[in-house]
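Here are the chains, one letter per residue:
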Amino acid sequence: MSDIVVRDGRSLLGRLVGTATIGFARLVTGVRGNWQGCLPVRKPRIYFANHASHGDFILVWTVFPGVLRSAARPVAARDYWNAGPLRRFLAHNVFDAVLIDRESASRSVDPIGQMASALEAGSSLILFPEGTRNMGEEPLLPFKSGLFWLAKRQPEVEMVPVWIENLNRVMPKGEFLPVPFLCTVTFGAPLRLRPGEEKQAFLDRSRNALLGLKSHEGDEG
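Being a predicted model, the structure only gives us computed values, none of them experimental.

1. Concerning the overall build of the chain
Then step 1. The number of helices and strands found in the chain is 9 helices and 7 strands.
Then step 2. Within the chain, the proportion of its 221 residues that are buried is 46%.
Then step 3. Across the chain, contacts joining residues at least 24 apart in sequence account for 74% of those joining residues at least 6 apart.
Then step 4. A total of about 11700 Å² of accessible surface is found on the chain, and carbon and sulfur atoms cover 55% of it.

Next up, the structure:
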């Protein structure tokens, strides 16, 4: 198999900041990757994870081996990450994010098309199918339909569930500084859209695959 040549939109300064970000994330969280259901193979994949903090994709990005990290692009909200020069620099020059418009009324570009184009160019995606940060008691919100439509558009691409453990304790809502706390990022077995599989069946199966990675340590009952 020939090597995949992947576009990397990160600037030199962005890569240096990225290296510093990785070091800081590891120092604060002691984060480790647990490749439980697959190996860290360099090929286009969709890594879909639970979402409780703005730092979620940073932990996933941090535990990737370097060869995967250079081709991994988080999917993020354009309005949030384009708000101010620092966020814009991080989104464009450090993380090379795929920025999408959340408001359909003002949207000029199809977000599914944006993500599909990134996959076709050889990148992997980090996305959060809950669609928003989960600030409630439920471990996982219902999935939005975007994951299904992307799977339908790119049926050959593996979709890897990723459970992020404890980051909500490191970056609790309303806090400016992180609280040191050990975090784990667990990667499950890849899945694909089955022939003829309906949208809700696929979303339920994907959500259950993600919930199946959640640690039960400390749970009641």
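Next comes the rest of the write-up.
2. Let's talk about the pattern of salt bridges
Then step 1. All told, the structure shown has 7 salt bridges when counted by the stated rule.
Then step 2. In this structure, the salt-bridge partner of glutamate 158 is arginine 192, at a minimum N-O distance of 3.8 Å. Here glutamate 158 is found in strand β6 (residues 158–165), whereas its partner arginine 192 is found in the loop between β7 (184–187) and α9 (199–211), with 34 residues between them in sequence.
Then step 3. Judged by relative accessible area, glutamate 158 falls into the buried class, the value being 13%.

3. So, the packing of helix α7 (residues 146–153) against α9
Then step 1. Following both chains from N to C, one finds α7 and α9 inclined at 105 degrees, their axes separated by 9 Å at the closest point. When the axis of α7 is compared with that of α9, the two are roughly perpendicular. Of the residues in α9, those in contact with Leu147, Phe148, Trp149 and Ala151 of α7 are Lys199, Phe202, Leu203 and Ser206.
Then step 2. In terms of residue class, the contact of α7 with α9 is made up of 6 nonpolar, 1 polar and 1 charged.

4. Notes on the nonpolar core
Then step 1. By size, the foremost hydrophobic cluster in this structure holds 32 residues, and its most contacted members are Tyr47, Val60, Phe64, Ile126, Val162, Val185 and Phe187.
Then step 2. A per-element tally of this core places helix α2 (residues 56–63) first, with 6 residues.
Then step 3. Excluding anything up to four places from it in sequence, tyrosine 47 contacts Trp35, Val41, Phe64, Leu68, Ser124, Leu125, Ile126, Leu127, Val160, Val162 and Phe187.
Then step 4. By size, the runner-up hydrophobic cluster in this structure holds 27 residues, among which are Phe148, Ala151, Met159 and Leu193.

5. Side note on helix α1 (residues 12–29)
Then step 1. Taking 1.5 Å of rise per residue, 18 residues should cover 26 Å, and α1 covers 26 Å from first to last C-alpha, within 8% of that figure.
Then step 2. Those residues of α1 that fall on the buried side of the exposure criterion are Gly14, Gly18, Thr21, Ile22, Ala25, Val28 and Thr29. Across the axial projection of α1, the buried residues extend over an arc of 140 degrees, all falling on one side. Exposed residues lying more than 90 degrees from the buried face of α1 are Leu12, Leu13, Leu16, Thr19, Ala20 and Leu27.
Then step 3. Looking at the residues trailing α1, positive phi occurs at glycine 30, about 60 degrees.

The rules behind these values
- Sequence order sets the numbering: in each chain, residues are counted from 1 along the sequence as written.
- Note on the predicted model: pLDDT of at least 70 is required for a residue's local features to be given, and 80 or more for side-chain atom pairs to be given and counted; whole-chain, interface and lining totals, by contrast, use all residues.
- The side-chain values count all of the structure's non-hydrogen atoms but skip hydrogen atoms and water molecules.
- Each helix corresponds to a stretch of at least 4 residues labelled H or I by DSSP, and each strand to a stretch of at least 2 residues labelled E; elements are numbered beginning at the N terminus.
- Partly exposed describes any residue whose relative accessible area lies between the buried limit of under 20% and the exposed limit of over 50%, with all areas from a 1.4 Å probe on protein chains only and scaled to the type maximum.
- When checking whether two residues touch, look at their non-hydrogen atoms; a contact exists if any pair is within 4.5 Å.
- With residues, only the protein chains shown are counted as cover, and all accessible areas are computed by Shrake-Rupley using a 1.4 Å probe.
- Each salt bridge in this description consists of a side-chain nitrogen of Lys or Arg and a carboxyl oxygen of Asp or Glu lying within 4 Å of one another.
- Here an angle of 0 to 180 degrees is reported between the N-to-C directions of two axes, which are lines fitted to C-alpha atoms, with helices fitted over the stretch in contact.
- Any angle from 65 to 115 degrees is called roughly perpendicular, while one under 35 is roughly parallel, one over 145 is roughly antiparallel, and all others are oblique.
- The nonpolar class holds Ala, Val, Leu, Ile, Met, Phe, Trp, Tyr, Cys and Pro. Asp, Glu, Lys and Arg form the charged class, and all remaining residues, Gly among them, are polar.
- Here, the term nonpolar core denotes a set of buried Ala, Val, Leu, Ile, Met, Phe, Trp, Tyr and Cys residues that are joined through side-chain atoms within 4.5 Å.
- The span expected for a helix works out to 1.5 Å for each residue beyond the first.
- Comment: arc refers to directions from the helix axis out to C-beta atoms.

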